[in-house]
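A structural walkthrough
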Amino acid sequence: MTAAKEAAARHISAAADDLIALSHRIHAHPELAFEEHLASRWVADALSDAGFDVQHGYCGLPTAVEATIGTGPTHIAICAEYDALPDIGHACGHNIIAAAAVGAGIGLAPLADELGLTVRVLGTPAEEGGGGKVLMLEQGAFDGVHAAMMVHPAAVEMAAMPGLAVSQFDVVYEGKAAHAGAYPELGVNAADAMTLAQVAIGLLRQQTSASDRIHGIVTEAGSAANVIPDVSRGRWIVRSSSMDTLQPLSERVRRCFEAGALATGCELSTAEVGPDYADLRPDQDLLDLWVANATALGRSFPELPNSVVGAATDMGNVSHLVPTIHPMLGLDCLPAVNHQAEFTAACRTQAADRAVIDGATGMAWTAIDVASRG
């Protein structure tokens, strides 16, 4: 191990209690997309205390953070996420992501100039549907970056998440209310329109590729059984293996909703929830460096079945323009997996705390390797 890596590990170890406390604090105060006021402030304050030049409210986003240290020619971006999910909190472990990113920054801060690095820790809001990184990318947040990285918890270890491209949109049908028993013929049933669209989507799935995913929820479909619903609402997500295949699939799904409107006579409107997420394309050279460093930390990478299909992340958009990695840190918590209440609990355990420190150290070491290669 090089002297620089030993020094980075020492700095992270010295801050370990504070990093774990940060992870636990964010976990205990879950905040939804673009509402991460506490978490983003805690991340900004921790980086300011470590000597970073910090901007809170970066790129015009109130809960985005930019923290910079060093003046070297090699620019590294380390991404922190901190938004949670409705009802089940940090069921995707963004508390671990944020604390690990802060830890990597702390490990590199005293070494940046010596290594020829400019280190930027970016607090990126609204990964769970709002596309914070996409908005920041459009504002130039990743301009001039030579390598971007983050870590993400999962049930099992993965060097690279097979991330899909994704589109997310809201659907509203408007019909006409009527007494369901006395005058049903006067109603235009918005709930029926949503049902017909879901049946059409179910039939469409037979003609989609194995990696395609179509899923959603109905958020409103009437309030009384004896009233024909005049409004129904839902949120739907379409996933595919690439941006090229996402667009035609998304168009086919939208036609299913048009069919519901046509069959019932309802008016249909749709609205994008956020920007489309691109498929994740990890950089192989960076990934090799990460695997070597994670292995040196005692982490191992089990053989996974080919049937594993990825989720989606706005880090995918970054990966199309900047060499990027997004490794998954296993919490050894099966059968609990991401986006379950059981995974929320797993993200505040000894395994989760180890993931914070290993994630921070692995990213710091990988940044050092990038610097050594110039």
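Residues numbered from 1 in each chain as written. Predicted model: local features only at pLDDT ≥ 70, side-chain atom pairs only at ≥ 80, totals over all residues. Heavy atoms only, no water.

The next point concerns the sheet that holds strand β10 (residues 267-272). Read across the open sheet, the 4 strands follow the order β8-β9-β7-β10; overall the sheet is antiparallel. The two strands at the open ends of the sheet, each matched to only one other strand, are β8 (213-220) and β10. Between one strand axis and the next, the sheet turns through 20° on average, direction left out of account. Relative to strand β9 (residues 231-240), strand β7 (residues 165-174) runs antiparallel, the two being bridged by 10 bridges. In the sheet register, Q168 faces β9, and the bridge partner there is I237. Together, β7, β8 and β9 form the strand contacts of helix α7 (residues 190-204), whose direction differs from that of β9 by roughly 20°. (Pairing = 2+ DSSP bridges. Helix = DSSP H or I, 4+ residues; strand = E, 2+ residues; numbered from the N terminus. Axes fitted to C-alpha atoms, helices over the stretch in contact; angles between N-to-C directions. Contact = heavy atoms within 4.5 Å.)

With that settled, consider unusual backbone geometry. Backbone torsion omega between L334 and P335 reads 10°, so that peptide bond is classified as cis. Positionally, P335 belongs in the loop between β12 (328-330) and α11 (341-346). Although it is not a glycine, F34 sits at a positive phi angle of roughly 65°. Among the residues examined, F34 registers a relative accessible area of 33% and is labelled partly exposed. Non-glycine residue H339 carries a positive phi angle of around 70°. (Buried < 20%, exposed > 50% of the residue type's maximum accessible area, 1.4 Å probe, protein only.)

Taken as a whole and judged by the stated rule, the model has 12 salt bridges. Between R235 and D170 there is a salt bridge; the shortest N-O distance is 2.6 Å. Residue R235 is located in strand β9, and its partner D170 is located in strand β7; the two are separated by 65 residues in the primary sequence. D170 gets classed as partly exposed once you look at its relative accessible area, which sits at 23%. Residue E272 is joined to R254 by a salt bridge in which the shortest nitrogen-to-oxygen separation is 2.9 Å. Taken together, the residues span a long stretch of sequence, with E272 in strand β10 and R254 in helix α8 (residues 243-264) at a distance of 18 residues. Through salt bridges with shared partners, a single ionic network connects E157, R299, R354 and D358. (Salt bridge = Lys/Arg side-chain N within 4 Å of Asp/Glu carboxyl O.)

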